[in-house]
Amino acid sequence: TTQIYYEDDVDESYLENTTVAVLGYGSQGHAHALNMKESGVDVLVGLRENSSSRKAAEEEGLEVGTPAEVAAQAEIISVLVPDTVQPAVYEEIEPHLEEGDTLQFAHGLNIHYNQITPPEHVDVTMVAPKSPGHLVRRNYVNDEGTPGLLAVYQDTTGDAVQRGLAYAKAIGCARAGVLETTFQEEVETDLFGEQVVLCGGVTSLVKHGYETLVDAGYSPEAAYFECMNELKLIVDLMYEGGLSEMWDSVSDTAEYGGLTRGDRVIDDNARENMEEILEEVQSGEFAREWILENQAGRPSYTQIRQAEKDHDIEEVGERLRDLYSWSESDGEEDETPEVP
Ligand code: NDP
Ligand code: MG
Ligand code: MG
């Protein structure tokens, strides 16, 4: 079984007399920097000259320098700039990686696909909160935790696990639990999950369902509610109590219809496509495509991103969310309508 660590398993003295440089002050960067600072850790923030993030970091009382400057002063360097810019930022800090330092990540992409090759004299770790950065911060402030992953790619000091755990505790992850994994497993499952289920699969399911209803002559409003809006309620139930709680909460008609029809939508063919996508992740084909896309200035990414924004369901949804008070966009706590 997977090793899970909690606060009692962590010896925070591994961060004593240690300076942590957080490179980047975005989603993860601001959360790690602020949480660690409030946990009593010495934190520096590394940002490029004229960075638009500098003001926000300084307003919180954080000391800011260039990535090279703060890396030179720190023993743990946490790389929290976007994955696509990490190789370039790494070039700037590499000369400042001293014997026994830790190079720390929140996602293993660049290490796993060899876009960053650290020297042998440093530890390489990953502490990856399984959550967007703003929630890592909000949970910490509310004395709650965020589950996280810990992986060690290179352990020259012999302390990599302990230091990683101390880092995880300082950002609040050990309150909820820290699961041990490897860079390979984190990267491959993360990419597969976001492509097949969380981001790619679910949006495609929503759009195809919506289009099927609208093409058959039903109103876009009805199609939006059925295929997009109600999805949140269903997911909330699965999040709280698994598939059973969801099935128990919907009507028997919905349960019978769903159980007998679901596998016709996501059928053997879809399963084969999932396996193919997993192979592209495992072989590095996806990573290669994404790296080349970035090197070319993101031509197809820009195009498909725009097409997604222009989809009819977006216009319908925006109009409906403005009309109804349950929408979170009005700043109220969401009053979720009844489950179907
Ligand atoms: P962000 O996109 O939020 O990072 C933005 C920060 O990086 C800003 O401070 C920005 O500063 C800085 N930055 C951008 N480009 C450069 C550059 N060329 N040189 C120097 N600094 C730059 O990143 P995320 O927090 O989303 O991701 C960071 C890491 O965390 C990634 O490895 C990601 O995979 C991982 N991760 C992210 C999660 C998330 O919730 N987003 C969840 C779990 C892991 P400036 O103002 O100068 O542009
Ligand atoms: Mg991801
Ligand atoms: Mg219904």
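Residues numbered from 1 in each chain as written. Chains lettered and ligands numbered in written order. Predicted model: local features only at pLDDT ≥ 70, side-chain atom pairs only at ≥ 80, totals over all residues.

A. Spotlight on the domain arrangement of the protein chain. Parsing the protein chain into structural domains produces domain 1 (4-181) and domain 2 (199-330). Here the C-alpha centroids of domain 1 and domain 2 sit 32 Å apart. (Domains from an automatic or database assignment.)

B. Seen up close, the nonpolar core. By size, the foremost hydrophobic cluster in this structure holds 57 residues, and its most contacted members are Ala21, Val45, Ile77, Met126, Ala168 and Ile171. A total of five residues in this core trace back to one element, the largest contributor, which is helix α7 (residues 160-170). In this view, Ile171 contacts Ala31, His32, Asn35, Met36, Pro129, Val136 and Tyr140; residues no more than four positions away in its chain are not counted. (Core = buried A, V, L, I, M, F, W, Y, C linked by C-beta atoms within 7 Å. Buried ≥ 20, exposed ≤ 12 C-beta atoms within 10 Å, placed from the backbone. Helix = DSSP H or I, 4+ residues; strand = E, 2+ residues; numbered from the N terminus. Contact = placed C-beta atoms within 7 Å.)

C. Inspection of the UniProt feature "binding site: substrate" (unreviewed entry) in the protein chain at higher detail. In the UniProt entry, the feature "binding site: substrate" (unreviewed entry) is given for Ser251. With respect to the helices and strands, the residue Ser251 is situated in the loop between α11 (220-249) and α12 (252-265). Owing to 10 C-beta atoms within 10 Å, Ser251 belongs among the exposed residues under this scheme. (UniProt positions renumbered as here; feature names shortened; annotations may be inferred.)

D. How the structure looks around the sheet that holds strand β8 (residues 148-154). Ordered by their spatial adjacency, nine strands build an open sheet running β1-β9-β8-β7-β6-β5-β2-β3-β4, and the pairing between neighbours is mixed. Both outer strands of the open sheet, β1 (4-5) and β4 (63-65), are each paired with one neighbouring strand and no more. Of the strand pairs in this sheet, strand β3 (residues 42-46) and β4 are connected by three bridges, and their pairing is parallel. When the bridges of β4 are listed, Val45 appears paired with Val64. Running at roughly 30° to strand β7 (residues 123-129), α7 makes contact with β1, β5 (76-79), β6 (102-105), β7, β8 and β9 (178-181) of the sheet. (Pairing = 2+ DSSP bridges. Axes fitted to C-alpha atoms, helices over the stretch in contact; angles between N-to-C directions.)

E. Examining the environment of Val141 more closely. Position of Val141 among the secondary structure elements: in helix α6 (residues 133-141). Using a count of 12 C-beta atoms within 10 Å as the deciding quantity, one classes Val141 as exposed.

F. Focus on the environment of Tyr113. Its location among the elements puts Tyr113 in the loop between α5 (109-112) and β7. Note on Tyr113: 17 C-beta atoms within 10 Å, which makes it partly exposed. Measuring from C-alpha to C-alpha, the distance between Tyr113 and Ser283 comes to 9.7 Å, with 170 residues separating the pair along the chain.

G. Here's a closer look at α6. All of the buried residues along α6 are Val136, Arg137, Asn139 and Tyr140. What you see down the axis of α6 is that its buried residues fit within an arc of 165°, all on one side. Turned more than 90 degrees away from the buried face of α6, the exposed residues are His134 and Val141. Buried residues along α6 sit against α1 (27-38) and β7. At the exit of α6 stands Asp143, carrying a positive phi of roughly 60°. (Arc of directions from axis to C-beta.)

H. Focus on the UniProt feature "binding site: Mg(2+) 2" (unreviewed entry) in the protein chain. Under the UniProt annotation, "binding site: Mg(2+) 2" (unreviewed entry) lies at Asp190, Glu226 and Glu230. In sequence the annotated residues extend across 41 residues, and in space they extend as well, their farthest C-alpha pair lying 28.5 Å apart. Within the secondary structure, Glu226 sits in helix α11. The exposure class assigned to Glu226 is partly exposed, which follows from the 15 C-beta atoms found within 10 Å. Within the secondary structure layout, Glu230 lies in helix α11.

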